[in-house]
Amino acid sequence: MSETWTPAQMRRTFEQVKNWGRWGADDELGALNLITPSKRREGAACVVAGEAVSCARELPVHPTPENPNPALHMMIQGGDDCLIPGLEFESVMDFVGVAFHGMATSHIDALCHVFVDGQMYNGFSKDEVKSTGARRGSIMSAREGLSSRGVLLDVPASEGVRWCEPGDSIGVAELERAEDRQGVRVVEGDILLVSTGRDARRAEHGAWSPFQNGLAGLAPECVPWLHERGVAVLGGDGVSDPLPGAGIQGWAMPVHQCGLVAIGLHLLDNLRLDTLAEACERHGRWAFQFTVAPLRIDKGTGSPVNPIALL
């Protein structure tokens, strides 16, 4: 769906879309700066029907080809032994643990998650991330939550297919055809969600390994487009980058590398977007209020999330 890029083109693009210093030398928000109070009000104004749609997948506690490291969920105290001694109080409790970066858990990437040439967004060194956590660019930059106008682009629907095939690269033309079909335009401060139909394909064929069998995502040519449009946060039902990568030496995941590091673009990975696409079709609207509340993980490189679209 798009042209082959060279390492030199990727490097030029990386430099062209850099937001380093745009909001000051100490900035750790990146493109979140584009979500202004007026943009939050614009998002709230999109609520008409009052229908809420979760865009998270269920916590993946079972191993599958896309989930080799399942999340942990275990009971600490069950109903068969629920009485707390001395309190005459009955209660049950559980434990949850998860390595959320990967191909299965719905999560947000902090800006410290990826480096290029040993640097993260705004030129901070990889050495700012210690074994004890991130001292720069952590998920605490998003501790107040994200709320803006969300826009869903349903690429398979606009292309007349049920899903994009694993490994497909979605270009600017496909994104703009989806805009035209849906009567919506991505503008500055929006949270952009791109559906590749991963949910429908999984329902039909079962889970597959993205590293072995591929995953649809955005072609490198989309990076300047994301920057020009002023996208504040990018999300998808995959990991935004196509897998396997585009074969560009040094640029295994161009959207992650240019998005997180150059633009300062927080990424939402492994979302569930089929139910949101159905709701948008039903209401005839593809813009909505979109809210993400990351956990306040001090020095964290990201967080599991349950984003909510309110139509």
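Before any of the text, the structure's been laid out above.
Residues numbered from 1 in each chain as written. Predicted model: local features only at pLDDT ≥ 70, side-chain atom pairs only at ≥ 80, totals over all residues. Heavy atoms only, no water.

*Asks:* It is not clear to me how the pattern of salt bridges should be interpreted in this structure. Could you clarify?
*Replies:* Oppositely charged side chains can form a pair if their charged atoms are brought close together. Tallied over the entire structure, the rule returns 25 salt bridges. Across the pair glutamate 66 and arginine 202 runs a salt bridge whose closest N-O atoms are separated by 3.1 Å. Highlighted residues: glutamate 66 in the loop between strand E1 (52-54) and strand E2 (72-77) and arginine 202 in helix H5 (residues 198-205), separated in sequence by 136 residues. Here glutamate 66 falls in the buried class, since its relative accessible area comes to 5%. Look at arginine 202 and you get buried, because its relative accessible area is 15%. Residue arginine 177 pairs with glutamate 174 through a salt bridge whose shortest N-O separation is 3.2 Å. One end of the pair is arginine 177 and the other is glutamate 174, both in helix H4 (residues 172-182) and three residues apart, which spans about a single turn. Here arginine 177 falls in the partly exposed class, since its relative accessible area comes to 38%. You can call glutamate 174 buried: its relative accessible area is 6%. One continuous salt-bridge network, built from bridges that share partners, spans Arg57, Glu66, Arg198, Asp199 and Arg202. (Salt bridge = Lys/Arg side-chain N within 4 Å of Asp/Glu carboxyl O. Helix = DSSP H or I, 4+ residues; strand = E, 2+ residues; numbered from the N terminus. Buried < 20%, exposed > 50% of the residue type's maximum accessible area, 1.4 Å probe, protein only.)

*Asks:* Can you help me understand empty space enclosed by the protein in this one?
*Replies:* Over the atoms, a rolling probe the size of a water molecule traces out where space has been left empty. For the structure shown, the criterion picks out two cavities of 30 Å³ or more. Of the voids in this model, the largest cavity is the one considered here, and its volume is about 60 Å³. In terms of lining, the largest cavity is formed by Ile170, Val194, Thr196, Ala216, Gly217, Leu218, Gly235, Gly236, Asp237, Gly238, Val239 and Ser240. Where the lining of the largest cavity is concerned, the elements lending two or more residues are strand E12 (217-218) and strand E13 (233-236). Residue composition of the lining of the largest cavity, grouped by class: five nonpolar, six polar and one charged. Along its surface, the second largest cavity is lined by Cys164, Glu165, Pro166, Thr196, Arg198, Arg201, Trp208, Leu215 and Ala216. (1 Å grid on protein atoms, 1.4 Å probe; cavity = no way out; pocket = protein on both sides within 12 Å on 5 of 7 lines; lining within 4 Å. Points joined across faces, edges and corners; volume = space filled by probe spheres on them. Nonpolar A, V, L, I, M, F, W, Y, C, P; charged D, E, K, R; others polar.)

*Asks:* What's the story with the environment of proline 85 in this structure? I'm lost.
*Replies:* In this fold, proline 85 is placed in the loop between strand E3 (83-84) and strand E4 (89-90). For proline 85, a relative accessible area of 73% corresponds to the exposed category. Considered as a pair, proline 85 and valine 47 are 38 residues apart in the sequence and their alpha carbons are 48 Å apart.

*Asks:* Hey, could you run me through the sheet that holds strand E11 (residues 191-195) in this one?
*Replies:* Each strand in a sheet pairs with its neighbour through backbone hydrogen bonds, running either in the same direction (parallel) or in the opposite one (antiparallel). Strand order in the open sheet made by the nine strands is E1-E17-E15-E9-E11-E13-E14-E6-E16, with mixed pairing throughout. Sheet topology places E1 and strand E16 (302-304) at the edges, where each strand pairs with a single neighbour. In this sheet, adjacent strand axes meet at a mean angle of 25° when their direction is disregarded. Bridge analysis of strand E15 (residues 287-292) against strand E17 (residues 308-310) gives three bridges, and the strand direction is antiparallel. Opposite threonine 291, over in E17, you have isoleucine 308 as the bridge partner. Sheet strands in contact with helix H8 (residues 254-263) are strand E6 (107-109), E13 and strand E14 (266-269), and its direction is about 140° off that of E14. (Pairing = 2+ DSSP bridges. Axes fitted to C-alpha atoms, helices over the stretch in contact; angles between N-to-C directions. Contact = heavy atoms within 4.5 Å.)

*Asks:* Before we go on, may I ask you to explain the side chain of arginine 229 in this structure?
*Replies:* On the secondary structure map, arginine 229 appears in helix H7 (residues 222-229). We classify arginine 229 as buried; its relative accessible area is 10%. Only 3.1 Å separates the side chain of arginine 229 from the backbone oxygen of valine 186, close enough to count as a polar contact. (Polar contact = N/O pair within 3.5 Å; in protein donor to acceptor, adjacent residues only side chain to side chain.)

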